[in-house]
Amino acid sequence: MDRRDFLKMLALSGAAFTIKQSKAMSLLTQRFSGKEINENYDLVAVLGGTPVEMFRKGIAEFGGMGNFVKKGYKVVVKPNIGWDKTPEYAATTNPELVAEIIRQCFRAGAKEVTVFDHTCDDWRKCYASSGIEAAAKAAGAKVLPADLESYYEAISLPRAKSLKSAKVHKAILESDVWINVPILKNHGGAKMTISMKNHMGIVWDRGFFHSHDLQQCIADICTMSKPAILNVVDAYRIMKTNGPRGKSEADVVLAKGLFMSQDIVAVDTAATNFFNQVRAMPLESVGHLAKAQELKVGTTNLNQLKIKRIKM
Amino acid sequence: MLKKLRVIISLLFFIPITFYFLDFRGVLPQQFHWLAKIQLVPALLSLNLIILLVIVGITLFFGRIYCSSVCPLGIFQDIVLWVSKHFNKKKKFKFSSAKNFLRWSVLGISIITFFLGFSFLTGFFDPYSIYGRMATHLFKPVYMEGNNLLAGIFNAAGFHSLYKVQIFMLSISTFLIAMAMMLIIGYLAWKNGRLYCNTICPVGTVLGFLSKYSLFKIRFDQEQCNSCGLCSMKCKSSCIDAKNKSIDYSRCVDCFNCIEACNRNGLKFSPNFSTQRKKVENESAMNIDENKRRFMSTLAVSSLAVAALPQEGIKIKNFHRVKRETPISPPGSKSAENLMSACTSCHLCVSKCPSQIIRPSLLEYGLGGIMQPILSFEKGFCNYDCTVCTEVCPSGALMNLTKEEKHKNQMGQVHFIMEDCIVYKDGTSCGACSEHCPTQAVSMVPYKNELTIPQTDTGICVGCGACEYACPAFPNKAIYVEGLKVHQQATIKKEKTNQKINVEDFGF
């Protein structure tokens, strides 16, 4: 290699480096620090209604969807569509809830709403059986696949302990804001799957999570520089046992709950406490909650927060 | 006129069956599998008497119509030939004698080896299955690649009705076999027309034999014909001897090109002419005698040869780097043995499997089972509620299962190796296997501290391979499915009735 070649290479690699850097920078600028948006409450919990009614009550307490979605925004709504199961089995997010969120995004002026999940079962079957594809399309959203690596782009996670980088679906990276809409379920490995665990549907390599300390990786991915603008936990039907896939309707409890917050750790803590009434689930056993608090993603101390509780 | 009719009918069969093989998006309804079920060898193996009677009946009436309109490999050769004519406008065929010894030998060997449980050759020579393999391993990847290109353009333009699909090699050996077959048969078709059909194809041999006795035949009009030989030049089966005004009906596939070619109306497709009949029959009777003798001797020799092969000895173990000792045969196959007794490796199940987990085997089933479908959990697992493969199988090798029957069908059993498990090795949470398990034959039970570790219940396992696919342990998977020589019934545990739980409070 002569000097000229070396310099060329240096210049090229330098240029390549700046591209990556600037991308990370642009993501940083889009970051929301949450607290500024809602002055009223940190967390809203609603009990006793249909998913749509509960969401309408809840979002009203946050001052409406317009506080999160601005005119012309590209929005991603990320439900849990992981399994080839119909809604009664509570393995996937309630499709009516997803549709209502999409409609409210459009009403708030969103230019485009996208829905996707990196599913475990065949994505075409999951999208169809869950009822989410049909409901989302009817509400005007774009439904994207997530089954190929080419849909993903690597981001680095400097605050993470185990998962130093991850490939995240481009729809999330290219959106203005994204809304995380998990369903409340028991999980054989992670103990609970709620908002934080729902991030495993935005990444490509789930196997890495499982083989490199699952609880830590779940906490790590939540340090990404573009957190969900809002977490809406669907606890209308919850999966008590045999989660996250479930076997039969015997695993399902009609709990009629909904939890919303910008603090992902807080909302998962609240949802875990709620679940604890159905089946014993001490917070300490759900390792990723404490690990995320340690990474300053959010707080498990609900007493510090202003919480609005609504019974319908 | 007849020729046009033949071309139209053949395309009406050929285009849908080809598209059915390629169609990964499910545009054609599943019911189009009837196109595969009307093929002769699958109908024979599934003992579909109605189809068999219809095919034999049509042949006894009109001759080898089947070969020119239903058989996809036959039509494929016609298309190659049609293309070749555009490159060589002066293409001429000429009469050649029948290669009867070869034909009957191939047929005999296919039958004998089949009855001895070595079904590889049956599927290897079956024309429908050859075409199925070509469609699955050669055309479908091209179709998918085309789809991906289009989807790329569409998606970039903001339309998402098309989606990209992952393309990968299902089996190198089968790909090579399919490629070689296409090149050889294609080359023969380009040069010599229907040579494969009339020298190798066992279906062609049987139907050719029957069509000697068919009612309708292409016949010379002794008065009109001046033996100019135009018909013979156009005959892609090389079966018209214009000089002697005779036709070898065992090779005529009823393409009607000769009738079209004749300027003097010297050939007719018509029932019996008593004067000619004798002559032709005498001739063929002579042929048969001679052939029969050779056929019988081949039969004897080859059956001895195959019987002499040690049945277990030809299995080669551990060729693949799989821990599995027994291969997993697809749902509805009942057992590997049953699969091999009816499967012709047409690979319709391979092509139609939405999870792309059915692949051609190499030597897992032994030499006789090469190319037959086997499950691989490398890129996916068997969807719990999916029964597509059992529905499409034309030969009865995979019995049709309802969803409920499939939920009980155990094609393998889960094996857990704790020493390789991440929970045991690293002391961290995982549960990937259990979360994918549809029956909870793998469930997570309390282990040290707050950890849970897999526990297996082989009795309720269906062998879907979801656990094996999901297991992230490296280098050895900590959980895998061991095949069963004979599929079993999984027990389905009665679920406890859902006690109604009311959640009145927030809990925080």
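Residues numbered from 1 in each chain as written. Chains lettered and ligands numbered in written order. Predicted model: local features only at pLDDT ≥ 70, side-chain atom pairs only at ≥ 80, totals over all residues.

Notes on the overall build of chain A
If you tally the helices and strands in chain A, you get 10 helices and 12 strands. Within the span of chain A, comprising 312 residues, buried residues form 55% of the whole. If you take every contact in chain A between residues at least 6 apart in sequence, the share linking residues at least 24 apart comes to 76%. (Helix = DSSP H or I, 4+ residues; strand = E, 2+ residues; numbered from the N terminus. Buried ≥ 20, exposed ≤ 12 C-beta atoms within 10 Å, placed from the backbone. Contact = placed C-beta atoms within 7 Å.)

Topic: the overall build of chain B
Looking only at helices and strands, chain B features 22 helices and 10 strands. Here chain B holds 508 residues, and the buried ones make up 46% of them. Summarising the internal contacts of chain B: among those between residues at least 6 apart in sequence, 74% fall at separations of at least 24.

Side note on the environment of B:Y249
Residues and elements named next belong to chain B. Relative to the helices and strands, Y249 is located in the loop between β3 (246-247) and α14 (257-261). Y249 sits in the buried class, given 22 other C-beta atoms within 10 Å. With 101 residues separating them in the primary sequence, Y249 and N148 have C-alpha atoms 47 Å apart. Every residue in contact with Y249, bar those within four places of it in the chain, is listed here: G63, S211, K212 and K217.

A look at the packing of helix α6 (residues 72-87) of chain B against helix α10 (residues 172-192) of chain B
Residues and elements named next belong to chain B. Contact pair α6 / α10: the axes reach a minimum separation of 8 Å and the direction vectors enclose 50°. The pairing of α6 with α10 is recorded here as oblique in orientation. Judged by the twist between their axes, the crossing of α6 over α10 is right-handed. Facing Q77, V80, L81 and S84 of α6, the residues of α10 in contact are I185, G186, A189 and W190. Its residues assigned to classes, the contact of α6 with α10 comprises five nonpolar, three polar and no charged. (Axes fitted to C-alpha atoms, helices over the stretch in contact; angles between N-to-C directions. Parallel < 35°, antiparallel > 145°, perpendicular 65-115°, else oblique. Left-handed = near helix turned anticlockwise from the far one by under 90°. Nonpolar A, V, L, I, M, F, W, Y, C, P; charged D, E, K, R; others polar.)

A look at the interface of chain B and chain A
At the interface, 38 residues of chain B touch 42 residues of chain A. Counting residues per element, the side of chain B that touches chain A draws most heavily on helix α21 (residues 432-436) of chain B, which supplies four residues. Class assignment of the residues belonging to the side of chain B that touches chain A gives a composition of 15 nonpolar, 15 polar and eight charged.

Points about helix α2 (residues 51-61) of chain A
Residues and elements named next belong to chain A. Of the positions making up α2, those classed as buried are P51, M54, F55, G58 and I59. Buried residues in α2, looked at end-on, bunch into an arc of 125°, giving them a common side. In this structure, the buried side of α2 is in contact with β1 (43-47), α3 (95-107), β10 (230-239) and β11 (252-261). Positive backbone phi, at 85°, marks G63, one or two positions downstream of α2. (Arc of directions from axis to C-beta.)

Section: the confidence of the model for chain A
Of the residues in chain A, 88% have a pLDDT of 70 or more, and the chain-wide mean is 91. Taken together, the stretch residues 17-36 of chain A has pLDDT below 50 and engages in 12 contacts with residues farther than four places along the chain or on a different chain. (pLDDT = per-residue confidence, 0-100.)

What to know about the pairing of strand β7 (residues 409-416) of chain B
Side-chain positions along a regular strand alternate between the two faces of the sheet. All names here are of chain B. With six of eight residues buried, β7 lies mostly within the body of the structure. As defined by bridge partners, β7 adjoins strand β10 (residues 479-489) across seven bridges and the pair is classed as antiparallel. Bridge pairing links V414 to V481 in β10. (Pairing = 2+ DSSP bridges.)

Observations regarding the nonpolar core
Residue and element names in this part refer to chain A. Judged by nonpolar contacts, the single largest core of 226 residues is most densely connected at V77 and V98. Examining the composition of this core, we find that eight residues originate from one element, helix α9 (residues 264-276), more than from any other. With near-sequence residues (within four places) excluded, V77 lies in contact with V98, I101, I102, V113, V115, A141, I179 and V181. (Core = buried A, V, L, I, M, F, W, Y, C linked by C-beta atoms within 7 Å.)

Structural notes on the pairing of β10(A)
Residues and elements named next belong to chain A. With 10 of 10 residues buried, β10 lies mostly within the body of the structure. Sheet analysis places strand β7 (residues 177-181) next to β10, joined by two bridges and oriented parallel. For I179, the partnering residue across the bridge sits in β10 and is L230. In the sheet, strand β8 (residues 183-187) pairs with β10 via two bridges, with the strands oriented parallel. By the bridge assignment, K185 is partnered in β10 with M239. Of the strand pairs in this sheet, β10 and β11 are connected by eight bridges, and their pairing is antiparallel.

Quick notes on the domain arrangement of chain B
Residues and elements named next belong to chain B. Per the domain assignment, the segments of chain B are domain 1 (2-308) and domain 2 (336-489). A separation of 37 Å is found between the C-alpha centroids of domain 1 and domain 2. With 30 residues of domain 1 at the interface, the matching set in domain 2 holds 25 residues. Looking at the side of domain 1 that touches domain 2, the elements that each hand over two or more residues are α2 (34-37), α3 (40-45), α8 (120-125), α9 (127-156) and α10. (Domains from an automatic or database assignment.)

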